[in-house]
Amino acid sequence: MFSFFTTNEANVALPDVIKKFEYALSKKNEVSKLEQQLQMCISTTNSFEEFITLKQKLNSAVTKFYEAVEILENTGVSVKSIEQGLLDFPSKRFDEEVWLCWKYGETEIKFWHEKDSGFMGRKPIEVNDESLV
């Protein structure tokens, strides 16, 4: 179910979101590792058996990665980049829809940006910024 987050609600949800993000990141890393192994297999062996086995492992890992992203986004966040560790929480500033922005490594939500400005347009949330829902 969709809902807007206040800064406080986003910060309360953040520990669970971080745990789910880290799980999705680990699944992404498994996919990358298997992709590299498959490339090595293609260039160094003529064994169909090894290729098919690795390809099946890769298919399974990709499925698990997408399931992890779905679980993460079911918390209400929007994944902007697993690789860069960027997630956004939908929010409102006055009547305007905005994103509360989080980057992997941050321990709380400290920034927001307009819908179309992205990470480079991040602005700090003021301590007394009651305009965010």
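The preceding data block contains the structure.
Below is a short write-up of the structure. (Residues numbered from 1 in each chain as written. Predicted model: local features only at pLDDT ≥ 70, side-chain atom pairs only at ≥ 80, totals over all residues. Heavy atoms only, no water.)

**Concerning the pattern of salt bridges**
Thinking step 1. Going through the model one piece at a time under the given rule, you end up with 7 salt bridges.
Thinking step 2. In this structure, Asp88 and Lys80 form a salt bridge, with 3.7 Å as the shortest nitrogen-oxygen distance.
Thinking step 3. Owing to a relative accessible area of 43%, Lys80 belongs among the partly exposed residues under this scheme.
Thinking step 4. Linking Lys123 and Glu114 is a salt bridge whose minimum nitrogen-to-oxygen distance equals 2.7 Å.
Thinking step 5. Given a relative accessible area of 30%, Lys123 falls into the partly exposed group.
Thinking step 6. We classify Glu114 as partly exposed; its relative accessible area is 22%. (Salt bridge = Lys/Arg side-chain N within 4 Å of Asp/Glu carboxyl O. Buried < 20%, exposed > 50% of the residue type's maximum accessible area, 1.4 Å probe, protein only.)

**Topic: the packing of aromatic side chains**
Thinking step 1. Taken as a whole and assessed by the stated rule, the structure comprises 6 aromatic pairs.
Thinking step 2. Judged by centre distance (6.1 Å) and plane angle (75°), the rings of Trp102 and Tyr104 are edge-to-face.
Thinking step 3. By relative accessible area, Trp102 is classed as buried at 0%.
Thinking step 4. We classify Tyr104 as partly exposed; its relative accessible area is 38%.
Thinking step 5. The ring of Trp99 is capped by Lys80, whose NZ or CZ atom sits 4.2 Å from the centre of that ring.
Thinking step 6. Lys123 extends its terminal NZ or CZ atom over the ring of Trp112, reaching a point 5.0 Å from the ring centre. (Phe/Tyr/Trp six-rings, centres within 6.5 Å; stacked < 30°, edge-to-face > 60°. Lys NZ or Arg CZ within 6 Å of the ring centre and 35° of its normal.)

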